[in-house]
Amino acid sequence: MVKINNIYQDKKTKKWFFRAYLGTDMDGKKIQKTKRGYGSQREAKRGYDQYMLTHGFHQTLSSHLSSANQMTFEEFYRIRFVNWYEKQVKSQTFENAQFIFEKKMEYFYRMRIRDINSQDVEDWMHELSQTATRNSRKQEEITTLSGTYINRILGHLRIILNRAIKEGLIERNPVDSVSYFPKENKKVEFWEIEEFQKVMAAIPENSIQNQHRKIIYEMLFYTGLRIGELQALSWKNVNFEKNQITVEKTLIYQGKNDWYFSTPKTNKSYRTISIGKTLSKRLKKWQELQRMIGNFEYVSQLDGTFTPSYSFANWLKDSARKAGVNPIKLHALRHSHVAFLIEQNIQPLVIQERLGHANIQITLGTYGHLYAKSDNQVVDVLDKII
């Protein structure tokens, strides 16, 4: 089910309600309006929209919010920016960005938006650089946010303040005077084909759960699909006669009962790719096993819902350790697919089409360094000619 901003469900009554944020009062406390008792998410959203139209948005700006000169960052963000931004981007993009807006920009919330300067932004960036990542577990293994991620957060701040310029609240964007962190030359992690096969051999086929995991990993490694694309792949998108699959949507997974399908990442992500006879046979075998449990519409299903990607990621790392292979992230199976294709001298344009990259620059920018391995082949050709 799609998660809608400001709409919630009461866990006890199962009824829906909305909570409208209306800025802050003179003491800096949030002003909000909550109305309960809606029978569905759609009804609650309709109630919220009606309230904001007739009571919330227009009246709040004149009676509750500060004047333009006194408006805080949080006031502008919650009342004026969010409603605009949600209409500009896909729901998946909005939800991903909302985490950054809500969790990484609290530093500015109480500041008047016209007072934010480049020094404030630089101090905030330094604070972010000292922040531990959510995945840090043990004290001795604590890692901080990467420069690349902080640059991404800074880009989101730029979007908010650019909107403030458009609405006449500020004259210039302080982010324009701030330097981004240096680009990190982080190598793409991947497995060679031998390493992947060794990990797969470490997963016994003594249960349907294990066979489910193996077909997921094999599909990711041999097709280069994103995990969301694979989870959204239906059996009707599999052509066993032509040994092809067609990608037309992606799964956005929030929880066991909170997921929905979205359009692929880019227009190029709509694609049909070949999977070969061998992988096609393995996929057919999985279909037969799956039908022993139930009649499911999607390739990746083991029951009536979907397995979260982090579960596949954890199982993959466990299997790698058992096999004595250096663990990699689940998404790195996509990188491994590219590395395998490059090893087979497949041209970049073919790889771009297969991965669904928007343009060739993305492909070369991400994987160009892997082509350095092909330089010896060029030398061999030259030696034969000269």
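This is a predicted model, so every value here is computed, not measured.

Draft legend 1. Inspection of the nonpolar core at higher detail. Core analysis: the largest hydrophobic core is formed by 37 residues, its most contacted members being W191, Y217 and L333. Put simply, the parts of the chain that give this core at least two residues each are α6 (193-201), α7 (208-223), β5 (244-247), α9 (276-293), α10 (309-323) and α11 (332-343). Sort the elements by how many residues they give to this core and α7 lands first, with 6 residues. Those residues in contact with L333 that lie beyond four places of it in its chain are W191, F196, Y217, L220, F221, L316 and I328. Listed in part, the 33 residues of the second largest apolar core include F94, F101, Y109 and V175.

Draft legend 2. Structural view of the confidence of the model for the chain. For the chain, the mean per-residue pLDDT works out to 82, and 82% of the residues sit at or above 70. Mean pLDDT per element in the chain: helix α14 (residues 375-385) is the minimum at 59, and strand β4 (residues 238-239) is the maximum at 96. Note on residues 56-65: pLDDT under 50 across the span, and 24 contacts to partners over four residues away in sequence or across chains.

Draft legend 3. The arrangement of the pattern of salt bridges in detail. Inspection of every chain in the model, using the stated rule, returns 13 salt bridges. With a shortest N-O distance of 3.5 Å, R321 and D318 are connected by a salt bridge. Here D318 and R321 lie together in helix α10, a separation of 3 residues that amounts to about one turn. For D318, a relative accessible area of 40% corresponds to the partly exposed category. Here the residues in one salt-bridge network are E74, R78 and E102, joined through shared partners.

Draft legend 4. Structural view of the sheet that holds β5. Overall, antiparallel pairing links the 3 strands, which are arranged β4-β5-β8 in an open sheet. The open sheet has two edge strands with one neighbour each: β4 and β8 (271-274). Of the pairings in the sheet, the one linking β4 to β5 comprises 2 bridges and is antiparallel in character. Paired with V238 across the two strands is I245, which belongs to β5.

How each quantity is defined
- Residues numbered from 1 in each chain as written.
- Predicted model: local features only at pLDDT ≥ 70, side-chain atom pairs only at ≥ 80, totals over all residues.
- Heavy atoms only, no water.
- Core = buried A, V, L, I, M, F, W, Y, C linked by side-chain atoms within 4.5 Å.
- Buried < 20%, exposed > 50% of the residue type's maximum accessible area, 1.4 Å probe, protein only.
- Helix = DSSP H or I, 4+ residues; strand = E, 2+ residues; numbered from the N terminus.
- Contact = heavy atoms within 4.5 Å.
- pLDDT = per-residue confidence, 0-100.
- Salt bridge = Lys/Arg side-chain N within 4 Å of Asp/Glu carboxyl O.
- Pairing = 2+ DSSP bridges.

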